[in-house]
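# Survey of secondary and tertiary structure
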Amino acid sequence: MKLINIAVLALGIGFSGLAAAHSDEYLDTAKAPHSGQLRMAGAYHYELVIKPAGKDNANEVLVYVTDHGGKAISVAGATGSATILANGKTTVQLKPEGDNLMKGSGSFATGPNLKAVVSIALPGQQPEQARFTPFASRTADAGHMHMH
């Protein structure tokens with residue numbers, strides 16, 4: 001009987017670890033494949049990368065879509081947008097570009113206070129959203145992760 005209780009306890013701890021593993025705080029500590037910020041979006045992970053304005057004065061907005069294991073999810077036929085909040089509100093339309101990349105561009109100020117809401121609808125599915133703070137300092141948050 002004790003063996004069963006230990007197994008159930010271990011299983012419960014394992015599942016609770018999985019649930020916590022995908023919190024924003026956890027994802028902020030994970031190395032993103034394209035050096036962006038990772039967030040949960042329903043059954044997916046979105047990675048937001050904002051490339052500062054070039055000669056045309058437009059910032060590139062890139063969103064990579066993967067499953068929870070990091071496997072690329074096809075965005076063929078997907079639609080999406082990124083609402084950028086930084087000294088005003090700008091909406092950037094995102095279009096499929098390659099296997100798992102949604103891409104767009106827009107003119108907006110970048111800085112530590114920038115916030116973004118990304119919404120992507122894969123074909124035949126409801127849109128999934130994620131909220132980002134790609135330029136905010138995460139060193140303060142990381143300090144809370146240490147165990148003494």
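Residues numbered from 1 in each chain as written. Predicted model: local features only at pLDDT ≥ 70, side-chain atom pairs only at ≥ 80, totals over all residues. Heavy atoms only, no water.

Each regular strand shows side chains that alternate between the opposite faces of the sheet. The buried fraction of strand E4 (residues 79-85) is high, at five of seven residues. Strand direction decides the pairing type here: E4 and strand E7 (residues 115-121), joined by seven bridges, are antiparallel. Within E7, the position partnered with Ala82 by the bridge is Val118. Relative to strand E5 (residues 89-96), E4 runs antiparallel, the two sharing six bridges. For Ser81, the partnering residue across the bridge sits in E5 and is Gln93. (Buried < 20%, exposed > 50% of the residue type's maximum accessible area, 1.4 Å probe, protein only. Helix = DSSP H or I, 4+ residues; strand = E, 2+ residues; numbered from the N terminus. Pairing = 2+ DSSP bridges.)

Membership of the largest hydrophobic core comes to 25 residues, with the highest contact counts inside it found for Tyr46, Leu48, Val63, Ile84, Leu94, Val118 and Ile120. Of all the secondary-structure elements, those providing two or more residues to this core are strand E2 (44-51), strand E3 (59-66), E4, E5, E7 and strand E8 (128-132). Tallying contributions element by element places E2 first for this core, with four residues. Val118 has contacts with Tyr46, Leu48, Val63, Ser81, Ala82, Leu94, Glu128, Gln129, Ala130 and Phe132, leaving out every residue within four places of it along the chain. (Core = buried A, V, L, I, M, F, W, Y, C linked by side-chain atoms within 4.5 Å. Contact = heavy atoms within 4.5 Å.)

Attention now moves to empty space enclosed by the protein. Summed over all chains, the structure comprises one cavity of 30 Å³ or more. Its boundaries defined by the atoms lining it, the largest cavity holds a volume of some 30 Å³. As for the largest cavity, its lining consists of Tyr44, Tyr46, Val65, Ile120, Leu122, Gln125, Gln126 and Glu128. In the lining of the largest cavity, the residues fall into five nonpolar, two polar and one charged. (1 Å grid on protein atoms, 1.4 Å probe; cavity = no way out; pocket = protein on both sides within 12 Å on 5 of 7 lines; lining within 4 Å. Points joined across faces, edges and corners; volume = space filled by probe spheres on them. Nonpolar A, V, L, I, M, F, W, Y, C, P; charged D, E, K, R; others polar.)

Let us look at the sheet that holds E4. One open sheet holds the eight strands; their spatial order is E1-E2-E3-E6-E5-E4-E7-E8, and the pairing between them is antiparallel. Looking along the sheet, the strands with just one partner apiece sit at the ends: strand E1 (37-41) and E8. Pairs of neighbouring strands in the sheet enclose a mean axial angle of 25°, with direction left out of account. Of the strand pairs in this sheet, E5 and strand E6 (residues 101-106) are connected by two bridges, and their pairing is antiparallel. When the sheet's bridge partners are listed, Pro96 is paired in E6 with Met102. (Axes fitted to C-alpha atoms, helices over the stretch in contact; angles between N-to-C directions.)

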